[in-house]
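Reading the structure
Here's the letter readout for the chains.
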Amino acid sequence: MATFRNDYSEGAHPQILDALVRTNAEATCGYGRDAYCVRAAQAVRARFACPQADVHFMVGGTATNQALIAAALRPWEAVIAAATGHINVHESGAIETCGHKVLSAAVPDGKLTPDAVRTLVESHLDGDDGHMVVPRMVYVSDSTELGTIYTKAELTALHETCRALGLYLYLDGARMAQALAAEGNDLAPEDFAQLCDAFYIGGTKNGLLFGEALVIANDALKPYYRNIMKQHGAMLAKGRLLGVQFLAYFENDLWLALGRHAVEQAQTLADGLKKKGFKFYVNSPTNQIFPILTDVQYKTAQERFGCEFTAKIDETHTAARFVTSWATAPEAVQEALAAL
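For the structure given in this document, a descriptive report is provided here. (Residues numbered from 1 in each chain as written. Predicted model: local features only at pLDDT ≥ 70, side-chain atom pairs only at ≥ 80, totals over all residues. Heavy atoms only, no water.)

1. Some details on the overall build of the protein chain
Of the regular secondary structure elements, the protein chain holds 14 helices and 11 strands. Each principal axis of the C-alpha atoms in the protein chain carries an extent, and together these give about 55 × 55 × 35 Å. In the protein chain, which comprises 340 residues, the proportion classed as buried is 55%. Taking the intrachain contacts of the protein chain between residues at least 6 apart in sequence as the baseline, contacts between residues at least 24 apart amount to 72%. (Helix = DSSP H or I, 4+ residues; strand = E, 2+ residues; numbered from the N terminus. Buried < 20%, exposed > 50% of the residue type's maximum accessible area, 1.4 Å probe, protein only. Contact = heavy atoms within 4.5 Å.)

Structural data, given as C-alpha cells:
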C-alpha cells in the first residue's frame, strides 16, 4: 500500500542494501574505527569542502542532536530553536534530560530569524546574575519541520548574528538532500561548513536503513566527542554498518538523486491538488506538503494511504502532512490525487 505518512517507512535503496550484502561477512574493528568509516568520513569532507572537520556517524537524529548539544553547552546554558523545531516538539524532552533548556521562538514558517534570536538573547541578559539560563546555541533545520528551506542569505544572516552574540550555530540536516533539491534553494553542500559550527547530513529519511553523518567544523566542539557519544549510547559497536552505507550514499551523489526524487513526487502531488482547488497550510518546496482537507477527505487519506495531522483549521477542515520518499512511485501520487 502506498503511504505518505513519512519518508522512512521503506527499508533502504537497493544500492545501499547491495553494499551491506557485499560486505556482510567481513570482520572489521568496531565503534567506527574501521576502514569503511574512515573512507566515508573522507568522502563527507571532500563533498562538503571541509578537510579539517571531524565526522562522526550516528544512528539517528535525536541521538545526534542530544549528544552534540550536550557536548557544546555548559549545564546553565540553553539552545534557541523555532517553536516547531524537532528538538522542541518531537524528541520527548531529550535535550532537557541533559539539563539544557530549549528556548523557543514562534515563527510562522518554521525558520528562525536574527531578530527572533536577538529577542530571546536580550530577554535572558540577567543570566550572569544566576537566575536565568544563558543562551549559547542556535538550532535550525534545513529543511524545517514545515518543509520550508533557508536561503544562503538567511543562513548567512543567522551565522553573522551568532558570531556577534557569541552563540554556536548548529544545523539539523535530517532532510538536507531534500532541501538542496528544492526549487528556490541557493545553498550548496560546501556552504554548510562555512556557515555552521556543526551540522549533520541525514540518511535515515533519505534511503539509508539508518544513519546520520555529524560534521563538526568548529575546533572548540571537537575534543572528547567520542566520549560524549559513548555516554549517550550513540556509539554503535557495528559502526562499519554506517560507514558502508555512507560510502554508497555519496557515490555519484546518490544522496542528492534520492532527495530530488522525493521532492519531485511531493511537488507533483502539490501541483495536482492546487489544480483541484485545494489550499495549503504552508507553502513548502520540499518533500513535505500540507494541504487543507475537509475532515471527510482527511479520514479517507488516513485510511487509504496514511498521512499525519498538522493542525485543526476550523470545525470541518484539517491541515494534513503528506511526505514522499526516495521510494514513492508516480503511480502512488496519482492514486492519492484520485482518492482526494
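2. Regarding the sheet that holds strand S6 (residues 198-202)
Strand order in the open sheet formed by seven strands is S1-S7-S6-S5-S4-S2-S3, and the pairing between neighbours is mixed. Of all the strands in the sheet, just strand S1 (54-58) and strand S3 (102-105) have a single pairing partner and so form its edges. Taken pair by pair, the neighbouring strands of this sheet meet at an average axis angle of 20 degrees, ignoring direction. Bridge count between strand S2 (residues 77-82) and strand S4 (residues 134-141): four bridges; the pairing is parallel. From the neighbouring strand, Val79 faces S4, where its bridge partner is Met137. Sheet strands touched by helix H6 (residues 114-122): S2, S3 and S4. Its angle to S3, the strand with the most contacts, is close to 130 degrees. (Pairing = 2+ DSSP bridges. Axes fitted to C-alpha atoms, helices over the stretch in contact; angles between N-to-C directions.)

3. Notes on the environment of Leu208
Relative to the helices and strands, Leu208 resides in the loop between S6 and strand S7 (212-216). We classify Leu208 as buried; its relative accessible area is 1%. For the pair Leu208 and Gln15, spaced 193 residues apart in sequence, the C-alpha to C-alpha distance is 9.6 Å. Sequence-distant contacts of Leu208, that is, excluding residues within four places in its chain, are made with Gly11, Ala12, Ile16, Gly203, Gln245, Phe246 and Tyr249.

4. Considerations on empty space enclosed by the protein
A complete count under the given rule lists two cavities of 30 Å³ or more for this structure. Taken as a whole, the largest cavity holds about 50 Å³ of empty space. Lining the largest cavity are Ala82, Thr84, Gly85, Gly110, Tyr139, Val140, Ser141, Thr144, Glu145 and Tyr150. With three residues, the single largest contributor to the lining of the largest cavity is S4. Each residue belonging to the lining of the largest cavity can be placed in one class, and the counts come to four nonpolar, five polar and one charged. Every residue lining the second largest cavity is listed: Ser141, Ser143, Glu145, Asp172, Ala174, Arg175 and Lys205. Taken together, the residues of the lining of the second largest cavity sort by class into one nonpolar, two polar and four charged. (1 Å grid on protein atoms, 1.4 Å probe; cavity = no way out; pocket = protein on both sides within 12 Å on 5 of 7 lines; lining within 4 Å. Points joined across faces, edges and corners; volume = space filled by probe spheres on them. Nonpolar A, V, L, I, M, F, W, Y, C, P; charged D, E, K, R; others polar.)

5. What to know about the packing of helix H2 (residues 35-47) against helix H11 (residues 240-250)
Taken N-terminus to C-terminus, the directions of H2 and H11 make an angle of 40 degrees; their axes are 8 Å apart at the nearest point. By the angle between their directions, the pair H2 and H11 is classed as oblique. Here the hand of the crossing between H2 and H11 comes out left-handed. Between H2, through Tyr36, Cys37, Arg39, Ala40, Ala43, Val44 and Arg47, and H11, the contact on the second element is made entirely by Arg240, Gly243, Val244, Phe246, Leu247 and Phe250. (Parallel < 35°, antiparallel > 145°, perpendicular 65-115°, else oblique. Left-handed = near helix turned anticlockwise from the far one by under 90°.)

6. Focus on H2
Between its first and last C-alpha, H2 extends 18 Å over 13 residues, near the 18 Å set by a 1.5 Å rise per residue. Residues of H2 that are buried include every one of Tyr36, Cys37, Ala40, Ala41 and Val44, and no others. When H2 is viewed along its axis, its buried side chains cluster within an angular range of 130 degrees and face the same direction. Away from its buried face, by an angle of more than 90 degrees, H2 presents the exposed residues Ala35 and Ala46. At its buried positions, H2 is contacted by S1, S6, S7 and H11. Within two residues after H2, Ala49 carries a phi angle of roughly 55 degrees, on the positive side. (Expected span 1.5 Å × (residues − 1). Arc of directions from axis to C-beta.)

7. A few points about the pairing of strand S10 (residues 308-314)
Pairing of S10 with strand S11 (residues 317-323), which is carried by five bridges, proceeds in the antiparallel orientation. Note on S11: the bridge partner recorded for Asp314 is His317. The turn linking S10 back onto S11 is made up of two residues.

8. Some points on the packing of aromatic side chains
In total, this model carries 14 aromatic pairs according to the counting rule given. A centroid spacing of 6.3 Å and a plane angle of 80 degrees characterise the contact between Phe48 and Phe250, whose relative ring orientation is edge-to-face. Here Phe250 lies in helix H11 and Phe48 lies in the loop between H2 and S1, a separation of 202 residues in the sequence. For Phe48, a relative accessible area of 0% puts it in the buried group. Given the relative accessible area of 10%, Phe250 is considered buried. Aromatic side chains Phe48 and Trp255 sit 5.6 Å apart centroid to centroid with 40 degrees between the ring planes, which places their arrangement in the tilted category. With Phe48 in the loop between H2 and S1 and Trp255 in helix H12 (residues 254-275), this pair connects stretches of sequence that are 207 residues apart. Residue Trp255 is classed as buried on the basis of its relative accessible area of 0%. An aromatic cluster is present here, built from Phe48, Phe57, Phe192, Phe199, Phe246, Tyr249, Phe250 and Trp255 joined pairwise through their rings. (Phe/Tyr/Trp six-rings, centres within 6.5 Å; stacked < 30°, edge-to-face > 60°.)

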